[in-house]
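One-letter residues, chain by chain:
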Amino acid sequence: NTVLDENKKLCLVSGEIITMTSWMRMIFEVEDLSVASPATVSRVGIIYLEPSTSVGTKAMVTSWLQTLPPDVEPYRDQLQKLFD
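Parameters and conventions
- Residues numbered from 1 in each chain as written.
- Predicted model: local features only at pLDDT ≥ 70, side-chain atom pairs only at ≥ 80, totals over all residues.
- Heavy atoms only, no water.
- Helix = DSSP H or I, 4+ residues; strand = E, 2+ residues; numbered from the N terminus.
- Buried < 20%, exposed > 50% of the residue type's maximum accessible area, 1.4 Å probe, protein only.
- Contact = heavy atoms within 4.5 Å.
- Areas by Shrake-Rupley, 256 points an atom, 1.4 Å probe, with all protein chains shown as cover.
- Salt bridge = Lys/Arg side-chain N within 4 Å of Asp/Glu carboxyl O.
- Core = buried A, V, L, I, M, F, W, Y, C linked by side-chain atoms within 4.5 Å.
- Phe/Tyr/Trp six-rings, centres within 6.5 Å; stacked < 30°, edge-to-face > 60°.
- Patch = residues over 30% accessible without salt bridge, like charges linked within 9 Å, V, L, I, M, F, W, Y side chains within 5 Å.
- pLDDT = per-residue confidence, 0-100.

Q: Even after reading the chapter, I still don't get the overall build of the protein, so can you show me in this structure?
A: Of regular secondary structure, the protein possesses 3 helices and 3 strands. Put simply, the protein runs from its N terminus to its C terminus through helices and strands in the order β-β-β-α-α-α. Scored against the burial criterion, the 84 residues of the protein give a buried share of 8%. Of the contacts formed within the protein by residues at least 6 apart in sequence, a portion of 9% connects residues at least 24 apart. Split by element, the accessible area of the protein, about 7400 Å² in all, is 59% carbon and sulfur.

Q: So what exactly am I meant to see when it comes to the pattern of salt bridges here?
A: Between side chains of opposite charge, pairing is possible as soon as their charged atoms come close. Under the defined criterion, the tally for this structure stands at 1 salt bridge. One salt bridge connects Glu73 with Arg76, and the closest N-O pair in it is separated by 2.7 Å.

Q: Would you explain the nonpolar core in this entry?
A: One broad trend across soluble globular proteins is that nonpolar side chains are buried collectively. Core analysis: the biggest nonpolar cluster contains 5 residues, these being Val61, Leu65, Leu68, Val72 and Leu79. What Leu79 contacts, discounting residues up to four positions off in sequence, is Trp64, Leu65, Leu68 and Val72.

Q: How should the packing of aromatic side chains be read in this particular structure?
A: Geometry of an aromatic ring pair is reported as the spacing of the ring centres plus the angle between the planes. With the rule as written, the count across this model stands at 1 aromatic pair. Ring centres 6.1 Å apart and planes at 70° place the aromatic pair Trp64 and Phe83 in the edge-to-face group. Of this pair, Trp64 sits in helix α2 (residues 57–65) while Phe83 sits in helix α3 (residues 76–83), placing them 19 residues apart in sequence. With relative accessibility at 37%, the residue Trp64 sits in the partly exposed group.

Q: Help me understand a nonpolar patch on the surface in this model?
A: A contiguous nonpolar surface patch, about 580 Å² in accessible area, is contributed by Met26, Phe28, Val30, Leu33, Val41, Val44 and Ile46. Tracing the backbone shows Val44 in the loop between α1 (38–43) and α2.

Q: Looking at this model, I keep getting lost on the confidence of the model for the protein. Mind explaining?
A: Any residue range with low pLDDT should be treated as having predicted coordinates unsuitable for detailed reading. Put simply, the protein has an average pLDDT of 80, and 89% of its residues get 70 or more. Between the elements of the protein, mean pLDDT differs from a low of 62, seen in strand β1 (residues 3–4), to a high of 93, seen in α3.

Next up, the structure:
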């Protein structure tokens, strides 16, 4: 079990703490929210994608690549290759 706190720190069961920078984002893919705590749900944005009508991840990756900060822009092609 992990905790994502209000300071954008991911606290792992092992005791390790991963601090996220202001431009970092994390995507969790879950089957359902049956074991999610109210604290977790309140700290994340939830997007429901219906599997039978979903456009897939390509559209999300394309959209994300269009919002890269200027200092990451030179790596756009390399990032795109990670998802191809």
